[in-house]
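Working through the structure, step by step
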Amino acid sequence: MALKMVKGSIDRMFDKNLQDLVRGIRNHKEDEAKYISQCIDEIKQELKQDSIAVKANAVCKLTYLQMLGYDISWAAFNIIEVMSASKFTFKRIGYLAASQCFHEGTDVIMLTTNQIRKDLSSPSQYDTGVALTGLSCFVTPDLARDLANDIMTLMSHTKPYIRKKAVLIMYKVFLKYPESLRPAFPRLKEKLEDPDPGVQSAAVNVICELARRNPKNYLSLAPLFFKLMTSSTNNWVLIKIIKLFGALTPLEPRLGKKLIEPLTNLIHSTSAMSLLYECVNTVIAVLISLSSGMPNHSASIQLCVQKLRILIEDSDQNLKYLGLLAMSKILRTHPKSVQAHKDLVLQCLDDKDESIRLRALDLLYGMVSKKNLVEIVKKLMSHVDKAEGTTYRDELLTKIIDICSQCNYQHITNFQWYISVLVELTRLEGTRHGHLIAAQMLDVAIRVKAIRKFAVSQMSALLDRAHLVASSTQRNGICEVLYAAAWICGEFSEHLQEPQQTLEAMLRPKVTTLPGHIQAVYVQNVVKLYAAILQQREQAAEPEAAQDVTQLMVERLPQFVQSADLEVQERASCILQLVKHIQKLQAKDVPVAEEVSALFAGELNPVAPKAQKKVPVPEGLDLDAWINEPPSDSESEDEKPKAIFHEEEQRHGKPRQPEADEEELARRREARKQEQANNPFYIKSSPSPQKRYQDLPGVEHIPVVQIDLSVPLKVPGMPVSDQYVKLEEERRHRQRLEKDRKKKKKKDKERKGKPRRRGSLHTESDEDIAPAQQVDIVTEEMPENALPSDEDDKDPNDPYRALDIDLDRPLADSEKLPVQKHRNADTSKSPEKEDVPVKERKIKKPKKKEKKHKEKEREKKKGKEEKVGEDLDFWLSTTPLSAVPPAPEEPGANAVIAAAQEEGEEARREEPGDEEEEDEDERDPEKKPSKHKKKKHKKEKEERSKDKKKPKKKKSASDGAAEPVENGALDEDPLPPMSSYCLLAENSYIKMTYDIQGSLQKDSQVTVSVVLENQSNSFLKNMELSVLDSLNTKLARPEGSSVHDGVPVPFQLPPGVSNEAQFVFTIRSIVTAQKLKGTLSFIAKDDEGSTHEKLDFQLHFSCTSYLVTTPCYSDAFAKLLESGDLSMSSIKVDGISMSFQNLLAKICFHHHFSVVERVDSCASMYSRSIQGHHVCLLVKKGDKSVSVDGKCSDAALLGSLLEELKATLAQC
Amino acid sequence: MIQAILVFNNHGKPRLVRFYQRFPEEIQQQIVRETFHLVLKRDDNICNFLEGGSLIGGSDYKLIYRHYATLYFVFCVDSSESELGILDLIQVFVETLDKCFENVCELDLIFHMDKVHYILQEVVMGGMVLETNMNEIVAQIEAQNRLEKSEGGLSAAPARAVSAVKNINLPEIPRNINIGRNPDHEPGAC
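Rules used throughout
- Residues numbered from 1 in each chain as written.
- Chains lettered and ligands numbered in written order.
- Predicted model: local features only at pLDDT ≥ 70, side-chain atom pairs only at ≥ 80, totals over all residues.
- Heavy atoms only, no water.
- Helix = DSSP H or I, 4+ residues; strand = E, 2+ residues; numbered from the N terminus.
- Buried < 20%, exposed > 50% of the residue type's maximum accessible area, 1.4 Å probe, protein only.
- Areas by Shrake-Rupley, 256 points an atom, 1.4 Å probe, with all protein chains shown as cover.
- Phe/Tyr/Trp six-rings, centres within 6.5 Å; stacked < 30°, edge-to-face > 60°.
- Lys NZ or Arg CZ within 6 Å of the ring centre and 35° of its normal.
- pLDDT = per-residue confidence, 0-100.
- Contact = heavy atoms within 4.5 Å.
- Buried area = accessible area lost by both parts, 1.4 Å probe.
- Salt bridge = Lys/Arg side-chain N within 4 Å of Asp/Glu carboxyl O.
- Polar contact = N/O pair within 3.5 Å; in protein donor to acceptor, adjacent residues only side chain to side chain.
- Nonpolar A, V, L, I, M, F, W, Y, C, P; charged D, E, K, R; others polar.
- Expected span 1.5 Å × (residues − 1).
- Axes fitted to C-alpha atoms, helices over the stretch in contact; angles between N-to-C directions.
- Parallel < 35°, antiparallel > 145°, perpendicular 65-115°, else oblique.
- Left-handed = near helix turned anticlockwise from the far one by under 90°.
- Lys, Arg positive; Asp, Glu negative; His and termini not counted.
- Pairing = 2+ DSSP bridges.

1. Observations concerning the overall build of chain A
Broken down by element type, chain A carries 48 helices and 15 strands. Scored against the burial criterion, the 1212 residues of chain A give a buried share of 55%. Carbon together with sulfur atoms contributes 51% to the accessible area of chain A, which is approximately 54,800 Å² in total.

Listed below in structure tokens is the structure:
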């Protein structure tokens, strides 16, 4: 043994270390690969030795080789060996190598789980640190699942060094194992307020990263972040938070208003450019999110633009670049402010730095208006000429097209000019964007009817000098424009002046050198032209001339028949045969033109790009359903190749089916027209401009200037866009004069009129440039019933979608992080630790709010001045807009109101009634328990008493961070976000409170959440809940257990700890309230021993608990009432002193209703039962009394509900 | 998130390659080469940002780099990172190297790639910024070096590269961020 060791160390003296390897490689420059393969052989030998030091040295060298591009995954096992070395030196080498070369596909990675777990719990912080760092690079879903709990524990490690690493790595864990997000989130949030700035920064980092992907789930953290923002001095943290706010503000306008001031202060005060820049960016995001009618924000915009101008003018190219980048964001919403700096942007176009030029180009895109488009494009064209390097030139080209075509050619007042610009662009040699130009030509020619004549003349000129264009024939090269030219000339041949000449140009032998797809279009359009010429000739009674054309076709077409391109060949052969046939007919003096033209009769309409997607699926059609039974698996393997033909056959068969006779077709057409007329989403092709369709792609109607006939426009030969610039200017000038004249007249007439805002002569704004005549752009066709919105932009493969997790749903027990209890001593932490996340697990989710509520909110907001900064709602309430996310962290969050922001607001003010009620709660078993006294706001009151055991946490909560509140009807989440926990039973050991929640998705199930609080000094375990089922109501038990078995509670309770368990009950009928008796049995264990204890209780299933708060719009509500299917009943309660506002809030809160509409002292409310019963209420407040009229699809249910309602109201 | 950190010299020789997203070795080399060609043709006096484009990820990614004497330090980051912040981070990283190697030069990086990695690991972890306070980073590195020393190190006397050493010569770059926090004011700094 000793000998072996000595031998080992002697061997080692001859081993190369990393430095020797590097030196060796440098000395073998000419045969590096050979030398390295030698070294790899040596390394392999070293890896076979027993000494871990030798192995570590070898692995270290491998890591270096990996950097040079050598695959070292073959040594994965040895790397694991080195990772498990006891010495830090070696361990670190192993983890480094692993972090460089391990990935999800590494099969031995599963062997590392226990080693990593061991290192994570190592007493040495650096062992732990190294393991965390390594794991962050190669964590797999399996590792994430197995280690999530260990890492979560480390988030509370005593050493900040470990804490910050553990916090950061959680993000990777979430990505790989999304189920861990909810259990770990509360602790992560806690770390936002960690005393160590590094840990805090890490937590901010992780949450920002999470929130960036799914911002709406994190809106509730806004107050906490706001606090951090105003208190932190760490610029890194500030930048992250400010960036995060940039992502949150679009979801919550009120947040934006709140942010403006502190951000503006930061902008003024900070000396750090990076912070300044991010502040500006977020202010921009805020301004974008706020509606534009905020006059007082123009100052903020000015401030941003002004600061950005300073950046852009800075000599530091980095600042210049970023300045332009941010400027382009402002541009989107406040183009006017940016347009003032056009000079600066144009100047940047000349910058030597290409990145800056590109950014400036981006800016130009948004700066154009009808007025300056021509000028800007002219400038860009001159850059195109100057640009060296095709990349930048191509970029310019695409930008010119983008700029001109944006928003459906919104800024183009003269399409002749545009066509000539496009034609000018065809002179560009070597561009890759020929197809873009071609697409534009086609688009304009098809959609702008008035321009066709001009377009055709230009296109025929282009075809005429095709030899110039076609000299470079690479794909997507400039020759692509010939595709468009040929098609336009063919399709709109009626506008051609010299069709014969164009026809000849298209039949030139040189054409055969063009790419196949262009030739194919040539062939097809030659026939269209031919048909047009035939028609002309026959009408002119020149049969000879007609025959000449046919002869020309017969002579020239064979060159296409010989084409190597199948498409060209096929079309040409067909057409050649056709023409030969025509020739025969012509020889017999049969008039053919009519029939030939009939081949191309009718117009081709453009179809909107998303038309197909927007066809709604007809009711009753399930696209996923099998038409035929799928073949069994066993067969499918062999039949795969056949399937292709199979399908094809079916497709051929299809068209035969829908052969309806003429009458039927006419009838259907009529019906469709009718439907279209009634369908608001159908886009009619009426010529009037319809503003409200502007959001839909391709459906606006845009005014287009018709050719101004007073100026002769037939420009022979090559068009030059400048000519049109002049013409356009003249036209505008004339227009202006005209207008002035009119204005003068007007002025004369009404001298006392209000003073004019702007001088009309030179401050001509966009709107002033009116096109001479309105010409409609042919609209693109959309399917009937096209759906107005498109939701199809989301990428289903987005890895972050898995993290779009609702963080407010209560944690189910199944959601706990897996803990491996066996095998590992250190996972058996006290249950207390495991419970920590549970304590604060429910986070309420921000809900989108209905607009309706805004009005009300506004009223209510008036005069609310008290309780500064106590909760998010108030926090945001300095602004009139609505919709706030709540933000709770405590478990009680569950007990927060939904549909009633009234509640959120009003309850927080000291309403005597409410307050008293809250205090009663502590005694009254019907109410939620609470130990908080007055002056605490609602949220806190609702917290369960255990919260007081966490004073520190509590404090942070009341500091304004995450407070609950409010929020509108939930339109997505069927879970009732409000509930009140009632006392179920209590003895000296344990206190049980419960809440019943229904879900619209499960029509006969309710979930009973029971909070169990250990009130004793004993350790409670083996808890089991048993219930005596009734016929109607049954406890869902694990499979295989009998009706007498209890359901075990999946946790244990150390002294003073509480936790929540959920039980599912199935209900058959929900029309009456029910009670179930049950028992909780458990073992209480203390120092003296353990005793078996029992606690009886009675679960009360009120009818209210079957209701689920569901939003309802007033129109739907009205329809429902009109339907007449509902039975009706009323109650009246006297002696009510509570304000109507609070009354409604109470109904919303306790009875799961949402307010549909409220007028003075009358409100309509709606709710829905889990079985789909609609419940409508009309609540009217008289003097000291309240009457409630109810309508419901079930009379019995309504009766029970009103009884319960009465009981509640009686307390008011 | 930081997707990759690449350090290579004026000839494109990689000195440190750290990807936070899995790419096979040959692709890694290709990315290093392409990145090198992208930054090589840029003058020193133009902006330090490059739209990454086809390299890693999509349009969301940017290359942010700094050029020191013979070395390029390139960070590939997505839009959640502040551009100027990352520039400062590069500076912090290089200054930390300078402190740990006492006048760092390219040779230090060549012969001690492993140590450079260890230093980087204290700055960036799994693609996220871990620590920006140089004193804190250096303290942790030194503590780990002491630990390694107490274990006897990998080999008794690590050969230190001493030869014609060309210092990187850190230029005075105006700091955008006041990154360095005074540890005295940090509660809980250990």
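2. Here we look at the packing of aromatic side chains
What the rule picks out here adds up to 17 aromatic pairs over all chains. Taking the centre distance of 5.6 Å and the plane angle of 65° together, the rings of F185 of chain A and Y218 of chain A count as edge-to-face. Note that F185 of chain A is positioned in helix α11 (residues 181–190) and Y218 of chain A in the loop between α12 (197–213) and α13 (222–231), a separation of 33 residues in sequence. Residues F185 of chain A and Y218 of chain A agree in their burial class; the two are buried. Plain terms: the ring middles of Y65 of chain B and Y72 of chain B are 6.3 Å apart, the flat faces sit at 50° to each other, and that makes the pair tilted. Accessibility expressed as a relative area gives 2% for Y65 of chain B, which makes it buried. Judged by its relative accessible area of 3%, Y72 of chain B is buried. Through successive ring pairs, a cluster of aromatic residues spans Y409, F415, W417 and Y418 of chain A. Cation over ring: R92 of chain A sits above Y118 of chain B, and NZ or CZ is 3.8 Å from the ring centre.

3. So, the confidence of the model for chain A
Residue and element names in this part refer to chain A. For chain A, mean pLDDT is 74; residues scoring 70 or higher make up 70% of the total. Of all helices and strands in chain A, the one with the weakest mean pLDDT is helix α39 (residues 831–839) (40), whereas helix α10 (residues 160–176) scores best (94). Overall, residues 635–660 carries pLDDT values under 50, and its contacts beyond four positions in sequence, including any with other chains, amount to three contacts. The low-confidence segment residues 854–870 (pLDDT under 50) makes 45 contacts with residues lying over four places distant or belonging to another chain.

4. Here's the deal with the interface of chain A and chain B
Where interface size is given, it is often the accessible area lost as the parts come together that is meant. Opposite the 76 residues of chain A that make contact, chain B presents 71 residues. Taken together, the two surfaces of chain A and chain B that pack against each other cover about 6,800 Å², and 55% of this comes from carbon and sulfur. Considering only the side of chain A, the residues that lose the most area to chain B are M67, R92 and W236 of chain A, jointly responsible for 12% of the buried surface there. On inspection of chain A and its partner chain B, the count reaches eight salt bridges. A salt bridge links E148 of chain B to R92 of chain A, with the shortest nitrogen-to-oxygen separation between them at 2.7 Å. Our count for the chain A to chain B interface comes out at 30 residue pairs in polar contact (both at pLDDT 80 or more). Element by element, the count of residues in the side of chain A that touches chain B is highest for helix α6 (residues 88–101) of chain A, at nine residues. A per-class count over the side of chain A that touches chain B returns 35 nonpolar, 21 polar and 20 charged.

5. Thoughts on the environment of R332 of chain A
Inspection of the secondary structure assignment puts R332 of chain A in helix α18 (residues 317–333). The spatial distance from the C-alpha of R332 of chain A to the C-alpha of G366 of chain A is 6.7 Å, given a sequence separation of 34 residues.

6. Let's talk about helix α48 (residues 1195–1210) of chain A
Residues and elements named next belong to chain A. An ideal rise of 1.5 Å per residue puts 22 Å on 16 residues; α48 measures up with 22 Å between its terminal C-alpha atoms. Along α48, the residues that are buried comprise L1197, L1198, S1200, L1201, L1202, E1204, L1205, T1208 and L1209. Looking at the packing, one finds that the buried side of α48 touches β10 (1107–1108), β11 (1127–1134), α47 (1140–1151), β13 (1162–1169), β14 (1174–1181) and β15 (1185–1192). For α48, the N-terminal capping position is held by D1194, with its side-chain oxygen 2.9 Å away from the main-chain nitrogen of A1196.

7. Quick notes on the side chain of S99 of chain A
The topology assignment puts S99 of chain A in helix α6. Among the polar contacts listed, one links the side chain of S99 of chain A to the backbone oxygen of L96 of chain A, at a separation of 2.7 Å.

8. Observations concerning the packing of helix α24 (residues 415–425) of chain A against helix α25 (residues 434–447) of chain A
Residues and elements named next belong to chain A. The N-to-C vectors of α24 and α25 enclose an angle of 155°; their axes lie 10 Å apart at closest approach. By the angle between their axes, α24 is roughly antiparallel relative to α25. Handedness of the α24/α25 crossing: left-handed. Residues F415, Y418, I419, L422, V423 and L425 of α24 form the contact with α25, whose participating residues are I437, Q440, M441 and V444.

9. Description of the side chain of R66 of chain B
All names here are of chain B. Take R66: it is sitting in strand β4 (residues 62–68). One buried charged residue, R66, forms no salt bridge at all, with the nearest opposite charge on D88 at 4.4 Å. For R66, the side chain forms a polar contact with the main-chain oxygen of L87, separated by 3.1 Å.

10. Some thoughts on the confidence of the model for chain B
Residues and elements named next belong to chain B. Summary statistics for chain B give a mean pLDDT of 80 and a share of 77% for residues scoring 70 or more. Considering only residues more than four positions removed or in separate chains, one finds that residues 156–167, a stretch of pLDDT under 50, has 18 contacts. Confidence over residues 178–190 falls short of pLDDT 50; this stretch has 30 contacts with residues more than four positions distant or in other chains. Here the prediction assigns the complex a pTM of 0.56, and the interface score ipTM is 0.88.

11. Quick notes on the sheet that holds strand β9 (residues 1089–1101) of chain A
With respect to topology, four strands assemble into an open sheet ordered β6-β4-β8-β9 (chain A), the strand pairing being antiparallel. Each of the sheet's edge strands pairs with one partner strand only, and the pair in question is β6 (1047–1048) and β9 of chain A.

12. Brief notes about the pairing of β9 of chain A
All names here are of chain A. As defined by bridge partners, strand β8 (residues 1074–1086) adjoins β9 across 13 bridges and the pair is classed as antiparallel. Counted as the bridge partner of F1082 is E1093 from β9. Linking β8 to β9, which pair antiparallel, is a turn of two residues.

13. Things to note about the packing of α18 of chain A against helix α21 (residues 354–367) of chain A
All names here are of chain A. Closest axis-to-axis distance for the α18/α21 pair is 9 Å, and the angle between their directions is 20°. By the angle between their axes, α18 is roughly parallel relative to α21. As α18 runs across α21, the sense of the crossing is left-handed. Residues Q317, K320, Y321, L324, L325, M327, S328 and L331 of α18 form the contact with α21, whose own contacting residues are S355, I356, R359, A360, L363, G366 and M367. In terms of residue class, the contact of α18 with α21 is built from nine nonpolar, four polar and two charged.

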